[in-house]
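The residues making up each chain are set out below.
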Amino acid sequence: MKKFHVLLILLLASVISHSQNNFLLYSFKGNVSVVENNAETKAKVGKPLASSATVKVGPSSAVTLICNESAMFTISKPGSYKLSMFGDSCKVSSSSMTANYVKYVWAQMTKPSGSGGSNRKAYMNTVGAVSRGVNNIWVDPRLDTVNYSGGEFPLSWKSYADAKEFDFMLFKSDNIVEPFYTNTVSKLKISIPVFTARMKPGESYFWIAAVKGEENEERKVLNYVSKETFNAILEGIKKQGAAFEAPAEQAYRIAFMLEDAHYLAEAYEYYNKAATLDPTNALYRNTLMSFKKDYEIK
């Protein structure tokens, strides 16, 4: 009987432990502090918190927290709040792009080491195309489809050959043989603004990179999106945030979602913005560096 009681106590302790929620301080403004083990400290973005912690929110202040890796909620009313009272706020209603982003931020801010922001793709819905043939050129699947409305951004590739020159070709259709634009370059990339004057907003195009004098049948998609269409998409992304996000956190989330939606030039702009707004945030700084490396941006 004594052994049974010990097992029961251990089982109850395990259930209680697993039923407790864990939190992460995502964003805040104004006078926000955290009380843990009777010690009060100033709020800090990325700080993990147990359900036993208390968050103090001052007048005209707000704090947004992530719970259990996937739920996000905001406290904007002044007062002291024990996190154990927010169990209902830890429920996730659906698996959306926002939920993917929340899981990503949780993983990045809680991992002990490693290059922050380097595994973004694992939390995105982006799926690249399967290679259809074998040639001397390889294009990252993340560039299989690019949505572009403006800004500086290169289309890049890798070469398995020791080549000095490469042909870049742009087509108006996937089944048209002759390109309407051709450019020979010495680098393994070409900046999109070099040829945008030849394109029309709202149209889709197809591009190929090949070793000069060789053929490559793998065409990639470049959608030239109008400013009006992009602005509508951007507004929709902005509205998906929590009730409160500091400018740096909002810029970083927008960048992540734009990259997931294949708006790479625009994502680069917002990753830059996040790192500039909060230069002390290692995740924002490292993600910008990782993004530039992924897409051959110097």
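Attention here is on the structure that accompanies the text. (Residues numbered from 1 in each chain as written. Predicted model: local features only at pLDDT ≥ 70, side-chain atom pairs only at ≥ 80, totals over all residues. Heavy atoms only, no water.)

1. Things to note about the overall build of the protein chain
So, step 1. For the protein chain, the helix and strand inventory stands at six helices and 17 strands.
So, step 2. Residues classed as buried in the protein chain amount to 47% of the 298 residues present.
So, step 3. About 15800 Å² of surface is accessible on the protein chain, with carbon and sulfur atoms providing 53% of the total. (Helix = DSSP H or I, 4+ residues; strand = E, 2+ residues; numbered from the N terminus. Buried < 20%, exposed > 50% of the residue type's maximum accessible area, 1.4 Å probe, protein only. Areas by Shrake-Rupley, 256 points an atom, 1.4 Å probe, with all protein chains shown as cover.)

2. A short note on the state of the cysteines
So, step 1. Inspection of every chain in the model, using the stated rule, returns one disulfide.
So, step 2. Shown here is the disulfide that connects Cys67 with Cys90, its sulfur atoms set 1.9 Å apart. Every disulfide takes its handedness from the sign of the S-S torsion; for Cys67 and Cys90 that torsion is 90°, giving right-handed. Of this pair, Cys67 sits in strand E6 (residues 62-67) while Cys90 sits in the loop between strand E8 (79-82) and helix H2 (97-110); the two residues are 23 residues apart in sequence, bridging distant segments of the chain. One exposure class covers both Cys67 and Cys90, and it is buried. (Disulfide = S-S within 2.5 Å.)

3. So, unusual backbone geometry
So, step 1. Of note in the backbone geometry, His262 takes a positive phi value of approximately 75° without being a glycine.
So, step 2. When you line up the elements, His262 lands in the loop between helix H4 (247-260) and helix H5 (264-277).
So, step 3. With a phi angle near 60°, Glu296 is a residue other than glycine that sits in the positive phi range.
So, step 4. As for its placement among the helices and strands, Glu296 is situated in the segment after helix H6 (282-294).

4. Observations regarding the packing of H5 against H6
So, step 1. Put simply, H5 and H6 touch, their axes get as near as 8 Å, and they point 150° apart. Put simply, H5 runs roughly antiparallel to H6. When you trace H5 past H6, the crossing you get is left-handed. Across from Leu264, Ala267, Tyr268, Tyr271, Asn272, Ala274 and Ala275 in H5, the residues of H6 making contact are Tyr284, Arg285, Thr287, Leu288, Phe291 and Lys292.
So, step 2. Within the contact of H5 with H6, the residues separate by chemical class into nine nonpolar, two polar and two charged. (Axes fitted to C-alpha atoms, helices over the stretch in contact; angles between N-to-C directions. Parallel < 35°, antiparallel > 145°, perpendicular 65-115°, else oblique. Left-handed = near helix turned anticlockwise from the far one by under 90°. Contact = heavy atoms within 4.5 Å. Nonpolar A, V, L, I, M, F, W, Y, C, P; charged D, E, K, R; others polar.)

5. Description of the environment of Glu215
So, step 1. Following the sequence through the fold, Glu215 ends up in the loop between strand E16 (203-211) and strand E17 (220-224).
So, step 2. For Glu215, a relative accessible area of 70% corresponds to the exposed category.
So, step 3. With 79 residues separating them in the primary sequence, Glu215 and Asn136 have C-alpha atoms 9.1 Å apart.
So, step 4. Look past the residues within four positions of Glu215 in its chain and what remains in contact with it is Asn135 and Ala210.

6. A short note on the sheet that holds strand E5 (residues 54-57)
So, step 1. Reading across from one edge, E3-E2-E5-E8 is the order of the four strands in this open sheet, with antiparallel pairing throughout. Edge positions in the sheet fall to strand E3 (39-42) and E8, since each of these pairs with one other strand and no more. Strand-to-strand twist across the sheet, computed as the mean angle between neighbouring axes with direction ignored, equals 25°.
So, step 2. Direction of pairing for E5 relative to E8: antiparallel, over a ladder of four bridges. (Pairing = 2+ DSSP bridges.)

7. Concerning the nonpolar core
So, step 1. Membership of the largest hydrophobic core comes to 60 residues, with the highest contact counts inside it found for Trp157 and Phe195.
So, step 2. Ignoring anything within four residues of it in the chain, the contact list for Trp157 reads Ile137, Trp138, Val139, Phe166, Phe168, Val185, Lys187, Leu188, Lys189, Ile190, Trp207 and Ala209.
So, step 3. Core analysis: the next-biggest nonpolar cluster, separate from the first, contains 18 residues, Phe23, Ala43, Leu49 and Leu83 among them. (Core = buried A, V, L, I, M, F, W, Y, C linked by side-chain atoms within 4.5 Å.)

8. Remarks on the pairing of E5
So, step 1. Sheet analysis places strand E2 (residues 32-36) next to E5, joined by four bridges and oriented antiparallel. Opposite Ser33, over in E5, you have Lys56 as the bridge partner.

9. Considering the sheet that holds E16
So, step 1. The strand order E10-E17-E16-E13-E14 describes an open sheet built from five strands, whose pairing is mixed. Of all strands in the sheet, those with a lone pairing partner are strand E10 (145-148) and strand E14 (181-185), marking the two edges. Within the sheet, the average angular offset between the axes of one strand and its neighbour, ignoring direction, is 25°.
So, step 2. Relative to E17, E16 runs antiparallel, the two being bridged by five bridges.

10. Examining the side chain of Thr54
So, step 1. Its location among the elements puts Thr54 in strand E5.
So, step 2. Residues in contact with Thr54, not counting those within four places in the same chain, are Ser33, Val34, Val35, Ser80, Tyr81 and Lys82.

11. Details of H5
So, step 1. With 14 residues, H5 extends 20 Å from end C-alpha to end C-alpha; this agrees with the ideal 20 Å at 1.5 Å per step.
So, step 2. Looking only at H5, the buried set comprises Leu264, Ala265, Glu266, Ala267, Tyr268, Tyr270, Tyr271, Ala274 and Ala275.
So, step 3. On its buried side, H5 packs onto E10, helix H3 (227-238), H4 and H6. (Expected span 1.5 Å × (residues − 1).)

12. Structural notes on the pattern of salt bridges
So, step 1. For the coordinates displayed, the defined rule picks out 12 salt bridges.
So, step 2. The residue Arg120 makes a salt bridge to Glu259 at a minimum N-O spacing of 2.7 Å. Here Glu259 lies in helix H4 and Arg120 lies in the loop between H2 and strand E9 (137-138), a separation of 139 residues in the sequence.
So, step 3. By relative accessible area, which is 2% here, Arg120 ends up buried. (Salt bridge = Lys/Arg side-chain N within 4 Å of Asp/Glu carboxyl O.)

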